[in-house]
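# Breakdown of the fold
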Amino acid sequence: MILLENLHKSFKTKGGPVHAVKGVGFQARDGEITGLLGPNGAGKTTTLRMLYTLMSPDQGRIEVDGIDVAADPTAVRQRLGVLPDARGVYKRLTARENVAYFGRLHGLDDATIAARIERMAATLNMRDFLDRRTEGFSQGQRTKTAIARALVHEPRNVILDEPTNGLDVMTTRGLRSFLRELRAEGRCVIFSSHIMQEVAALCDRIVVIAHGEVRAIGTPDELREQTGLADLEDVFVRLADLEEAQA
Amino acid sequence: MKTIWTVARKELVDLFRDRRTMLISLLMGPILVPVLILGIGAMIESRMRTQLDSTLELPVIGAEHAPNLVAFLKGRNIEPQPGPEDPDALVRDQRADVVLRIDADFGEQWRSSRPARVELIHDSSRQDSRIPVSRLQTVLAEYSGTVGVLRGISRGVSPEAGFAVHVARRDVATPESRRGMALAFLPYFLVFFSFLGSAHLAMDSTAGERERQSLEPLLATPAARAAIMSGKILGAWLFGTLSLVLMLVAFKLSLAFAPGAMQMINVSTPVMAKLLLVLLPMVLIGTTLLTLISATVKSMKEAQGYMSVLMLLPMVPTLVLMVNPVRNELWQFAVPFLAQNQIIMKLVRGEVVSAAEWVVYMVAGLGAGLLLWAIASRLYLSEKLAVSA
């Protein structure tokens, strides 16, 4: 269970301060997949970075399973599995070693780590490349390694920043069924994307973000109803004010 | 603690799998040192031997005015050559180390027992003419002295009356300290390698990791940032220590085979162990400083930009001491780089390092390391560090 309230964040840049996130707030429930939908530069990654404690908000509050992020960031990080925007894996370590390294940093013992890797290798279909060094991995293999690494401690809450970026159809499908499994296990899943179809195919609830603000929250059907449009892409374009921005 | 070790182990595994980088940073120094020591040592030895022992060919102007002196020079292994037209140009062009000019009035002055005039033309700023010039000076002084004594005797004056002061020299240099002179470059070498031996790993594990975008997921784990950073420093420190040990072994072996004076340098195992102990704080200072720098820069390239300045740092005390030699004082053992320089010189010269000096040295060295560590771990908390690109 994740709760974000009225988050603000601005950065100093050469051209003056940029207010990247302006009052974002939503709730992500356990046993649901919450989609964070927004065009590039809408503030999704910044919002998520505040959630997984890499940045502190200028204003606002975040709670993970009832724990205030500002009060106990370590406890929060223990409850989160994070696939950040930055997916760097260590190229001179094998996929297995990459995952095991993070397992140890989460304080797991070797037997647990081995068992978890076995399970994830099976569900994510990683067996073929598990013991190869990640140098020369395809985008899909790298993403799978990064996901396994993020989830090795079996967190209650899973945050994935644009997980399907650069993946082919079959890998994307595999990933979707994996996320559904996580939902079935009762976990809270947040996943960001800039593609409406992607979010609609998977999410129970969608949070539309544009220009650092929440534009709408609801199920895909609710959003259709709200805008009176049938096509989901049109819904997204309307909600995010993209036409205006284009013009 | 467990996190620190996990991170350190991963960094070392990562580095050792990068065979070429690892071999370059680990073995270049230990291979280069013997080549330098043996090569330069042999060069110095052979030069000194040829300049001291071989016949010195000396252009002499006006040899005909002083046949006696010329004969005396020949008897001292100095072979007079016909004099040049323009001796100044000859010396300036480095075609001769030294030229002797005998005055046309030499015979006249000689017969009337007045000081007869000869002139040495040489360039005092040329290192390699030092030995020939001093050889010639010694021979001329000897000639002057001999003739002076003979003149005194012939006039019934005691030869001793000619010497108002008798100068006797007593050189208190121990054999070890004289050997130490041959190794003025040794502290620089050792400090340089301990300071920057693991520079590559220290920079790569922070600035490089950030650039490869793996720092963000790493910092999103519950592991404490100070622990992650300490693990990286520990990994670099272990690697730096390993390369330092190899370096010292290379020194020990190459000095054992080095020619002449260098062979006598104290490279016994206890001295080597003390050198290692002296240099461990330096490795710590180097790795923490580089981690600190890496935590503030945007890219690996920027971090490498600092390297040229850092390479000069260990050279500063050597240069300052060359221009302005100072006496050993306790405060010097608290100044990084200068302290290492002084204590290493003491050790290889076979002098005793007092307990106070050890304490000041270790406290200052480890203190500087800890201070840098504290600053670096503060910087590691910054938001900018975590967010790559």
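Residues numbered from 1 in each chain as written. Chains lettered and ligands numbered in written order. Predicted model: local features only at pLDDT ≥ 70, side-chain atom pairs only at ≥ 80, totals over all residues.

## Observations regarding the overall build of chain A
Counting secondary structure elements, chain A contains 10 helices and 10 strands. Computed over C-alpha atoms, the radius of gyration of chain A comes to 18 Å, within 12% of the 18 Å expected from 2.2 N^0.38 for 247 residues, which places it in the range of a compact globule. Across its three principal directions, the C-alpha atoms of chain A cover 50 × 40 × 40 Å. The buried share of chain A, reckoned over its 247 residues, is 46%. Excluding contacts between residues fewer than 6 apart, the proportion of contacts in chain A whose partners are at least 24 apart in sequence is 68%. (Helix = DSSP H or I, 4+ residues; strand = E, 2+ residues; numbered from the N terminus. Rg over C-alpha atoms; globule rule 2.2 N^0.38 Å. Buried ≥ 20, exposed ≤ 12 C-beta atoms within 10 Å, placed from the backbone. Contact = placed C-beta atoms within 7 Å.)

## A short note on the nonpolar core
Core analysis: the biggest nonpolar cluster contains 137 residues, and Leu-37, Ile-159, Val-208 and Ile-209 of chain A have the highest contact counts within it. The element best represented in this core is helix α12 (residues 269-296) of chain B, accounting for 12 residues. If we ignore the near neighbours within four places in the chain, the residues touching Ile-159 of chain A are Leu-48, Leu-51, Tyr-52, Leu-80, Gly-81, Val-82, Leu-83 and Ile-190 of chain A. Counting residues in hydrophobic clusters, the runner-up holds 16 residues, among them Leu-56, Val-60, Leu-69 and Leu-136 of chain B. (Core = buried A, V, L, I, M, F, W, Y, C linked by C-beta atoms within 7 Å.)

## Quick notes on the packing of α12 of chain B against helix α16 (residues 338-348) of chain B
Residues and elements named next belong to chain B. Two elements in contact, α12 and α16, have axes separated by 10 Å at closest approach and are oriented at 175°. In terms of their interaxial angle, α12 and α16 are classed as roughly antiparallel. Note on element contacts: α16 touches α12 through Gln-340, Ile-343, Ile-344 and Leu-347, opposite Val-271, Lys-274, Leu-275, Val-278, Leu-279 and Met-282. Considered class by class, the residues forming the contact of α12 with α16 number eight nonpolar, one polar and one charged. (Axes fitted to C-alpha atoms, helices over the stretch in contact; angles between N-to-C directions. Parallel < 35°, antiparallel > 145°, perpendicular 65-115°, else oblique. Nonpolar A, V, L, I, M, F, W, Y, C, P; charged D, E, K, R; others polar.)

## Here we look at helix α2 (residues 19-53) of chain B
Owing to its 3.6 residues per turn, the α-helix aligns residues three or four sequence positions apart on the same side. Residue and element names in this part refer to chain B. With 35 residues, α2 should cover 51 Å at 1.5 Å per step; its first-to-last C-alpha distance of 50 Å lies within 8% of that length. Of all bends in α2, the biggest is about 40°, found at Leu-27, and the proline Pro-30 comes one to four residues later. Taken residue by residue, α2 has Ser-25, Gly-29, Pro-30, Val-33, Ile-37 and Gly-41 as its buried positions. Elements in contact with the buried residues of α2: α8 (186-196), α9 (199-211) and α11 (225-257). (Expected span 1.5 Å × (residues − 1). Bend = angle between axes of the 7 residues up to and from the residue.)

## What to know about the domain arrangement of chain B
You can read the domains of chain B as domain 1 (2-44 + 176-386) and domain 2 (55-168). The gap between the C-alpha centroids of domain 1 of chain B and domain 2 of chain B is 52 Å. (Domains from an automatic or database assignment.)

## Comments concerning the interface of chain B and chain A
Counting from both sides, the interface comprises 20 residues of chain B and, opposite them, 23 residues of chain A. Residue contributions to the side of chain B that touches chain A peak at five residues, all from helix α1 (residues 2-17) of chain B. Residue classes in the side of chain B that touches chain A are distributed as seven nonpolar, six polar and seven charged.

## Description of the environment of Leu-289 of chain B
All names here are of chain B. Take Leu-289: it is sitting in helix α12. Looking at Leu-289, the number of C-beta atoms within 10 Å reads 24, which means it is buried. Counting along the chain gives 211 residues from Leu-289 to Ile-78, while the straight-line C-alpha distance between them is 58 Å.

## A look at unusual backbone geometry
For residues besides glycine, phi is generally negative; the peptide bonds are generally trans as well. Residues and elements named next belong to chain A. The phi dihedral of Glu-154 falls on the positive side, at around 50°, and the residue is not glycine. As for its placement among the helices and strands, Glu-154 is situated in the loop between α5 (139-151) and β7 (157-161). With 16 C-beta atoms packed within 10 Å, Glu-154 lands in the partly exposed category. The backbone phi angle of Glu-162 is positive, close to 45°, even though this residue is not glycine. Mapped onto the secondary structure, Glu-162 falls in the loop between β7 and α6 (169-184).

## Details of the packing of α1 of chain B against α11 of chain B
All names here are of chain B. The interhelical angle for the contact between α1 and α11, taken along N-to-C directions, is 45°, at an axis separation of 7 Å. Considering their axes alone, α1 and α11 lie oblique with respect to each other. Judged by the sense of rotation from one axis to the other, the crossing of α1 with α11 is right-handed. Between α1 and α11, the residues in contact are Thr-3, Ile-4, Trp-5, Thr-6, Val-7, Ala-8, Glu-11, Leu-12 and Leu-15 and Ala-227, Ile-228, Ser-230, Gly-231, Lys-232, Leu-234, Gly-235, Leu-238 and Phe-239, respectively. For the contact of α1 with α11, the residue count by class is 11 nonpolar, five polar and two charged. (Left-handed = near helix turned anticlockwise from the far one by under 90°.)

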